[in-house]
Every structure is written in C-alpha cells, then in structure tokens.
Amino acid sequence: MLDQLFELSPNLGLDALFVLLVLVALESVLSADNALALASLSGGLENDQLQHRALNLGLLLAYAMRMVLILTATWVIQYWQFELLGALYLLWLVYQHFISEEYTEGHHHGPRFQSLWQAIPAIALTDLAFSLDSVTTAIALSDELWLVLTGATLGIAILRFMAELFIRWLQEYVHLEDAGYITVGLVGMRLLIRVVDDSLAPPQWLMVSMIALIFIWGFSERTDQSQTIESESDATNNS
C-alpha cells in the first residue's frame, strides 16, 4: 500500500520523507535560541495571559511572514540589505536589554510594551530575523517548495511549544534571560559578518556549540523563589 502511494509521485518518496525529517530537525535545533528570545520579548507585557496571546498572535504573523520569505527566498538572498536590517534589529534588541535602567533590579529588562499590539510585530520581526539563516539553509537542502513550506510549518509549531516552556523557565533560572539575549547577539553578529564577507561567518556547528554552552550557563542557577517552592514540595511529599 505504501509502495503504491510512493509510486504515485516522486515527490512523496522516502527521499522526500528523509529531507522533511532533516528540515524539521534543523528547525528544532535552530529554534531553541529563537524560542528563548521570543519568550524573553513576551516578558515585556504585564501579565501571563497577555504574554501567551502575544506569542500566539505574533507567531501566527511570523508564520505568514516565513511563508512569504520562503516563496521569495531566491530573490531575497540576492540583497544583502535584508540581512543587514535583520542583524541591526537583533543587535538593537540586545542593546535595549543590557542598557535598561531596570537591569540591576533582577526583573525583566528588555523592551517594554504598552499593549499587546506593540508586542505582536516585535515577536514576528524577531522570528523573521532568526529565520533568514534557517530558510536559506532549507532552500539549499531541497528544491521542493512544498517540503520547505511543510518543514517551516512544523518548525513554527515546535517553536510555539518551546517558547511556552521558556516562559516558565525564565521565572526559575537567574541567568536564562541574559543567556537568551546573548544568543540573539550572536545571531545578529553572524548576520552582520555575512554582510561584510560570507566566508568569515562562523560555521553552523560552531554557532550551535556556542549557543549550547550559553544555555548551560543560563540553566546553571535557579532563583531563590523556585528553590523555596521545590524545598516545600519535597517536604510535603516526605510528610
């Protein structure tokens, strides 16, 4: 039955399935830093309900923008100005984070949003800037447009799930928000280097390794509040 299905179209063969799995795996690996950045951005809203709504609507807009980016990728990659704009936007977010007056107070110190509708485009644009690299890689992996679009669709779903986790973890780990913005800075610098000279840009494996080390540091220390809650939970279970 499956063999007959695969024979109906060369685009539905095992090779296409393998490429799709590679694209989804690539999206999953590259989405970790993106998810942390989006979770940190959503923290600029005043309560959890608004943060979740901003992520849902922001990623819906981001999905539409990704589809447009994929459909126009062969045209977009001809213009270095797009990567420059993406790099400058990401580096601006990092600048806003680390020079904030609230930085030393231990609270959210990234961009603040007065309303949901200010956060939504910021989330969508941040995802788009992160997507410049992954979309280019996906296009290079496959000439089949439907495969790239399917991989991006599954990637957005994975990104939403991961961002939800990071929203919770940001409250539990002292350095995680800083780690997120440092990875944003790394991605921004890589895009900027590619604008100057693509051959000087660090390879993807090195970026993933550096981000993994930053994440380890981000999860290295829990907040006093989370430690207290965990201790109370253990005491309750032991009693």
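Our structure's up above, just so we're on the same page.
Position labels on residues start from 1 in each chain and follow its written sequence. In keeping with the model being predicted, local features are shown solely for residues with a pLDDT of at least 70 and side-chain atom pairs are shown and tallied solely at 80 or more, while totals for entire chains, interfaces and linings include all residues. Side-chain calculation: all heavy atoms of the structure are included, whereas hydrogens and water are not.

1. Describing the overall build of the protein
Line of reasoning, step 1. Counting its regular elements, the protein contains ten helices and zero strands.
Line of reasoning, step 2. Secondary structure elements of the protein occur, N-terminal to C-terminal, as α-α-α-α-α-α-α-α-α-α.
Line of reasoning, step 3. Of all 239 residues assigned to the protein, the portion counted as buried reaches 45%.
Line of reasoning, step 4. In what follows, residue pairs with any heavy atoms lying within 4.5 Å of each other are defined as contacts. Sequence-distant contacts in the protein: of pairs separated by 6 or more residues, those separated by 24 or more amount to 84%.
Line of reasoning, step 5. Per-residue and other accessible areas follow the Shrake-Rupley method at a 1.4 Å probe size, with only the shown protein chains counted as cover for residues. With the model as given, the accessible surface of the protein reaches about 13000 Å², and the carbon-plus-sulfur share is 64%. Helix and strand definitions here come from DSSP, where helices need a minimum of 4 consecutive H or I residues and strands a minimum of 2 consecutive E residues; each element is numbered from the N-terminal end. For every residue, the accessible area obtained with a 1.4 Å probe (protein chains only) is divided by the maximum for its type, and the residue is called buried under 20%, exposed over 50%, and partly exposed between those limits.

2. Comments concerning the nonpolar core
Line of reasoning, step 1. Counting 56 residues, the largest nonpolar core has L45, L90 and F166 as the members making the most contacts within it.
Line of reasoning, step 2. Elements represented by at least two residues in this core include exactly α2 (14-42), α3 (48-71), α4 (73-76), α5 (80-98), α6 (116-141), α7 (145-170), α8 (176-196) and α9 (204-218).
Line of reasoning, step 3. In contact with L90, not counting residues within four places along its chain, are T126, A129, F130, V184, V187, G188 and L191. Residue types Ala, Val, Leu, Ile, Met, Phe, Trp, Tyr and Cys, when buried and joined through side-chain atoms within 4.5 Å, form a set referred to as a nonpolar core.

3. Regarding the packing of aromatic side chains
Aromatic ring pairs are defined here through the distance separating the ring centres and the angle between the ring planes.
Line of reasoning, step 1. Put simply, two rings from Phe, Tyr or Trp (the six-membered ring, in Trp's case) pair if the centres are within 6.5 Å, and we call them stacked under 30 degrees between planes, edge-to-face over 60, tilted for the rest. Taken as a whole, this structure holds seven aromatic pairs when the rule is applied.
Line of reasoning, step 2. When the centroid spacing of 5.9 Å and the interplanar angle of 90 degrees are considered together, the rings of F166 and F215 count as edge-to-face. Pair noted here: F166 is in helix α7 and F215 is in helix α9, with a separation of 49 residues, a long-range link. With respect to burial, F166 and F215 carry one shared label: buried.

4. Observations regarding the pattern of salt bridges
Line of reasoning, step 1. Counted as salt bridges are all cases of a side-chain nitrogen of Lys or Arg within 4 Å of a carboxyl oxygen of Asp or Glu. Within this structure, the stated rule accounts for five salt bridges.
Line of reasoning, step 2. A salt bridge links E164 to R160; the nearest nitrogen and oxygen atoms lie 2.7 Å apart. Within this pair, E164 and its partner R160 are both found in helix α7, separated by four residues, close to a single helical turn.
Line of reasoning, step 3. A residue is classified by how much of its surface remains accessible, and R160, at 18% relative accessible area, is buried.
Line of reasoning, step 4. The salt bridge involving E172 is made with R222; its shortest N-O contact spans 3.3 Å. Taken together, the residues span a long stretch of sequence, with E172 in the loop between α7 and α8 and R222 in the loop between α9 and α10 (224-238) at a distance of 50 residues.

5. Quick word on α9
Line of reasoning, step 1. Any helix carries an expected span of 1.5 Å times its number of residues minus one. In this model, α9 (15 residues) spans 21 Å end to end at C-alpha, consistent with the 21 Å of a helix rising 1.5 Å per residue.
Line of reasoning, step 2. Every buried residue of α9 is listed here: M207, I211, I214, F215 and G218. Buried residues of α9, seen end-on, are gathered within an arc of 105 degrees and therefore sit on one face of the element. Those residues of α9 that are exposed and aimed more than 90 degrees away from the buried face are W205, L213 and I216. Working note: the arc is built from the helix axis to C-beta atom directions.

6. A short note on the environment of V76
Line of reasoning, step 1. Along the chain, V76 turns up in helix α4.
Line of reasoning, step 2. Considering only alpha carbons, one finds V76 and L132, 56 residues apart in sequence, at a separation of 9.3 Å.
Line of reasoning, step 3. When near neighbours in sequence (up to four residues on either side) are disregarded, V76 contacts L69 and F82.

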